[in-house]
Amino acid sequence: MEEKKTKQKYALVTGGSRGIGRAVCIQLAKDLDYNLLINYNGNKEAARQTLKEVEALGAKGEIIQFDVTNSDAVNKAFDVWHETNKDAIIEVIINNAGITKDGLFMWMKPEDWHSVINTSLNGFYNVTNALIQKLLVNKYGRIINMVSVSGLKGTPGQVNYSAAKGAVIGATKALAQEVAKRNITVNAVAPGFIKSDMTAELDEKELKKMIPANRFGEAEEVAHVVSFLASPKASYITGEVININGGIYS
Ligand SMILES: NC(=O)c1ccc[n+]([C@@H]2O[C@H](COP(=O)([O-])OP(=O)(O)OC[C@H]3O[C@@H](n4cnc5c(N)ncnc54)[C@H](OP(=O)(O)O)[C@@H]3O)[C@@H](O)[C@H]2O)c1
């Protein structure tokens, strides 16, 4: 009798080359039975390093380059990938890629507004929309969007970033209701101040005064939440925003 082929299952992490995205790849490799698809934009070496760390844990993975802001590039990358991975399904999508271009709104240049919105909000659309039909056919999936405390309470000097992350929170809640019947959950994780390249220039000594836990968080602490939401254990949680910010009221 012909053996039934089981599909290779993948978890995609956009911006998996550095920071929180890298920590998420490593945590997923430790906790769950997925191959990792590690996306990067410009830092191929950093993405390779993430892959090395994932493989050291015994998991399989590969790196994939695309700019989440460029829908043609995203679609092309997935077309090529699906062509060479016919028996594979991307079952977990972690929309993590994000940038900041901070400054007071009255001086904000159009390019600083658009690039931040394009990365977080349009990046969510470009990646998730390209994969959602296959996920619906699969009748199981996990979508996790990396947002921010800024998208909930708003942060002065980050009107662009707060708008982008707030919009992704709205999209998370709406899409969750559209796809829940197909066993696909859609949630958002909202970190506060986490140590990474993004926050490297910030004055932790000064800023930690307004964080009840009195410190910045570690990328690994965020990765644990993501890993739980990506697991079958989180099957009845959808449309939620999980704060991870050391007690900042949001
Ligand atoms: N750190 C914090 O305190 C904090 C707090 C709240 C929310 N967040 C959110 O958490 C996420 C990760 O932040 P992080 O602190 O880890 O940032 P990070 O250290 O600056 O890393 C950013 C990651 O995003 C990728 N990326 C940026 N633009 C991209 C694009 N157009 N296409 C594909 N990948 C792109 C980068 O890829 P390359 O390496 O190729 O450039 C990199 O892997 C972001 O969405 C951020 O907004 C962070």
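This one's a predicted model, so the numbers in the text were calculated from it and none came from an experiment. (Residues numbered from 1 in each chain as written. Predicted model: local features only at pLDDT ≥ 70, side-chain atom pairs only at ≥ 80, totals over all residues. Heavy atoms only, no water.)

### A word on the packing of aromatic side chains
Item 1. Inspection of the entire model under this criterion finds 4 aromatic pairs.
Item 2. Ring centres 5.2 Å apart and planes at 15° place the aromatic pair F193 and F216 in the stacked group. In this pair, F193 sits in the loop between β6 (184–191) and α7 (204–207) while F216 sits in the loop between α7 and α8 (219–230), placing the two residues 23 residues apart along the sequence.
Item 3. Of the residues examined, F216 reaches a relative accessible area of 3% and is grouped as buried. (Phe/Tyr/Trp six-rings, centres within 6.5 Å; stacked < 30°, edge-to-face > 60°. Helix = DSSP H or I, 4+ residues; strand = E, 2+ residues; numbered from the N terminus. Buried < 20%, exposed > 50% of the residue type's maximum accessible area, 1.4 Å probe, protein only.)

### Brief notes about the site of the ligand
Item 1. Around the ligand there are 32 residues in total, and S17, G42, N96, Y161 and S196 lie nearest to it.
Item 2. Between the ligand and Y161 there is a distance of 2.5 Å, counted from an oxygen atom to a side-chain nitrogen or oxygen.
Item 3. Protein chains bury 94% of the 900 Å² of accessible surface belonging to the ligand in isolation.
Item 4. Within the residue set of the shell around the ligand, elements represented by two or more residues are α1 (19–31), β2 (35–40) and α6 (159–179).
Item 5. Within the shell around the ligand, the residues separate by chemical class into 13 nonpolar, 15 polar and 4 charged. (Near = heavy atom within 4 Å. Polar contact = N/O pair within 3.5 Å; in protein donor to acceptor, adjacent residues only side chain to side chain. Areas by Shrake-Rupley, 256 points an atom, 1.4 Å probe, with all protein chains shown as cover. Nonpolar A, V, L, I, M, F, W, Y, C, P; charged D, E, K, R; others polar.)

### As for the pattern of salt bridges
Item 1. Within the structure shown, the criterion is met by 7 salt bridges.
Item 2. As a salt-bridge pair, E218 and K195 come within 2.8 Å of each other at their nearest N and O atoms. Of this pair, E218 sits in the loop between α7 and α8 while K195 sits in the loop between β6 and α7; the two residues are 23 residues apart in sequence, bridging distant segments of the chain.
Item 3. Looking at E218, the relative accessible area reads 31%, which means it is partly exposed.
Item 4. Classification of K195 by relative accessible area gives partly exposed; the value is 40%. (Salt bridge = Lys/Arg side-chain N within 4 Å of Asp/Glu carboxyl O.)

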